[in-house]
Amino acid sequence: MAGLLDLLNSDLGKQLISGASAQTGASESKTADVLSMAMPLLLGAMKKNASSPEGASGLMGALSGKHDGGILDNLGSLLGGGSVDQSVIHDGAGILSHVLGGKQPVVENTLSQKTGLDAGTIAQILKIAAPVLLGIIGKQTKENGINDSDGLTGILGSMLGGQPKENQSLIESLIDADGDGSVLDDVADMVLGSNKKKGGLGGMLGGLFGK
């Protein structure tokens with residue numbers, strides 16, 4: 001199964017980066033920076049939510065309904081043309097609220113500090129990315145016949161991509177952080193620290209995913 005590194009380097013990932021960049025006016029490289037940190041954090045948050053019966057049930061309901069992967073078939077029209085379809089952004093706002101809850105401002109502000117983009121731009125990028133990420137997960141669950149929480153957390157874990165356990169726990173513990181963004185700081189440092197050595201999107205993600 002494709003991990004996030006493969007995803008962001010794929011045609012789909014390039015469409016997402018290009019669409020979010022055109023919508024926000026941020027450069028594609030900055031948009032990629034944001035996504036390389038935000039996607040694993042969103043996945044980690046979903047994995048944590050899915051560890052409770054209620055959370056798993058809610059996520060499975062979303063994945064078997066609206067977020068079954070259908071968005072991926074229309075990605076070009078939804079993200080293309082210089083502006084992202086408002087239904088995507090509205091949907092993304094709801095997903096972020098559910099997945100991140102009260103930690104959403106912490107995530108946005110810390111990503112802002114790390115990338116130099118303002119928090120409003122970060123919020124827009126996250127709103128565009130969230131429905132696409134959920135669609136990818138929905139497609140994976142459908143293709144693999146997943147219908148229980150164990151299978152779901154397995155899918156999410158494999159997409160997080162064979163990271164060392166301490167990296168996964170760092171990401172997952174964001175939701176339990178005391179609100180100062182320190183956990184996200186650590187994750188961002190892992191990502192951007194490796195970027196200084198290797199360069200490019202692969203380099204940024206390499207440190208996080210042990211590539």
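Residues numbered from 1 in each chain as written. Predicted model: local features only at pLDDT ≥ 70, side-chain atom pairs only at ≥ 80, totals over all residues. Heavy atoms only, no water.

Colleague: So what exactly am I meant to see when it comes to the overall build of the protein here?
Modeller: Helix and strand counts for the protein stand at 12 helices and zero strands. Traced from its N-terminal end to its C-terminal end, the protein shows the element sequence α-α-α-α-α-α-α-α-α-α-α-α. A total of about 8600 Å² of accessible surface is found on the protein, and carbon and sulfur atoms cover 48% of it. (Helix = DSSP H or I, 4+ residues; strand = E, 2+ residues; numbered from the N terminus. Areas by Shrake-Rupley, 256 points an atom, 1.4 Å probe, with all protein chains shown as cover.)

Colleague: Honestly, the pattern of salt bridges in this entry has me stumped. Any pointers?
Modeller: As a working rule, side chains carrying opposite charge can pair if their charged atoms are close by. In this structure the tally under the stated criterion is two salt bridges. A salt bridge links D91 to K66; the shortest N-O distance between them is 3.5 Å. Separated by 25 residues along the polypeptide, D91 in helix α6 (residues 86-100) and K66 in the loop between α4 (53-64) and α5 (75-79) bring together distant segments of the chain. Among the residues examined, D91 registers a relative accessible area of 15% and is labelled buried. (Salt bridge = Lys/Arg side-chain N within 4 Å of Asp/Glu carboxyl O. Buried < 20%, exposed > 50% of the residue type's maximum accessible area, 1.4 Å probe, protein only.)

Colleague: Explanation requested: the confidence of the model for the protein in the structure shown.
Modeller: Detailed reading of the predicted model is not advised wherever pLDDT is low. Residues of the protein with pLDDT of at least 70 account for 74%, and the chain-wide mean is 78. Element-level mean pLDDT values for the protein span from 39 in helix α12 (residues 200-209) up to 94 in helix α8 (residues 119-143). Long-range and interchain partners of residues 191-211, a stretch whose pLDDT sits below 50, account for 50 contacts in this model, where long-range means more than four residues apart. (pLDDT = per-residue confidence, 0-100. Contact = heavy atoms within 4.5 Å.)

Colleague: Mind showing me how you'd approach the environment of K66 here?
Modeller: You can call K66 exposed: its relative accessible area is 63%. Residues K66 and G135, spaced 69 residues apart in sequence, show a C-alpha to C-alpha distance of 8.6 Å. Side-chain polar atoms of K66 contact the side chain of D91, separated by 3.5 Å. (Polar contact = N/O pair within 3.5 Å; in protein donor to acceptor, adjacent residues only side chain to side chain.)

Colleague: In this structure, what is going on with the packing of α8 against helix α9 (residues 149-160)? I would like to understand it.
Modeller: Packed helices, taken two at a time, are described by their axes: the angle between them and the distance between them. Where α8 contacts α9, the axes come no closer than 10 Å and their chain directions differ by 120 degrees. By the angle class used here, α8 and α9 are oblique. In this structure, α8 meets α9 at a crossing whose hand is right-handed. Contacts between α8 and α9 pair L133, I136, I137, Q140 and T141 from the former with L152, I155, L156 and M159 from the latter. The class makeup of the residues in the contact of α8 with α9 is seven nonpolar, two polar and no charged. (Axes fitted to C-alpha atoms, helices over the stretch in contact; angles between N-to-C directions. Parallel < 35°, antiparallel > 145°, perpendicular 65-115°, else oblique. Left-handed = near helix turned anticlockwise from the far one by under 90°. Nonpolar A, V, L, I, M, F, W, Y, C, P; charged D, E, K, R; others polar.)

Colleague: How should helix α7 (residues 104-115) be read in this particular structure?
Modeller: Spanning 12 residues, α7 covers 16 Å between terminal C-alpha atoms, matching the ideal 16 Å at 1.5 Å per step. Taken together, the buried positions of α7 are Q104, V106, V107, E108, T110, L111, S112 and T115. In the stretch just after α7, G116 is the one whose phi turns positive, near 85 degrees. (Expected span 1.5 Å × (residues − 1).)

Colleague: What's the story with the layout of surface pockets in this structure? I'm lost.
Modeller: By rolling a water-sized probe across the atoms, one finds the places where empty space is left. Volume-wise, the largest pocket comes out at about 170 Å³. Taken together, 10 residues make up the lining of the largest pocket; nearest its centre are L7, L72, I136, K139 and Q140. A total of four residues in the lining of the largest pocket trace back to one element, the largest contributor, which is α8. Considered class by class, the residues forming the lining of the largest pocket number six nonpolar, two polar and two charged. (1 Å grid on protein atoms, 1.4 Å probe; cavity = no way out; pocket = protein on both sides within 12 Å on 5 of 7 lines; lining within 4 Å. Points joined across faces, edges and corners; volume = space filled by probe spheres on them.)

Colleague: What's the story with the nonpolar core in this structure? I'm lost.
Modeller: In a soluble, globular protein the nonpolar side chains are often hidden away together inside. Core analysis: the biggest nonpolar cluster contains 54 residues, and M39, L133, I137 and L152 have the highest contact counts within it. For this core, the leading source of residues is α8, giving 11 residues. Excluding residues that lie within four positions of it along the chain, L133 makes contacts with L4, M39, L42, L43, M46 and M159. (Core = buried A, V, L, I, M, F, W, Y, C linked by side-chain atoms within 4.5 Å.)

Colleague: Honestly, the packing of helix α3 (residues 28-49) against α7 in this entry has me stumped. Any pointers?
Modeller: Between α3 and α7, the shortest axis-to-axis distance is 10 Å and the interhelical angle comes to 135 degrees. On the basis of their axis angle, the class for α3 and α7 is oblique. Of the two possible hands of crossing, α3 and α7 adopt the one that is right-handed. Two secondary-structure elements touch here, α3 through K30, D33, V34, M37 and A38 and α7 through L111, K114 and T115.

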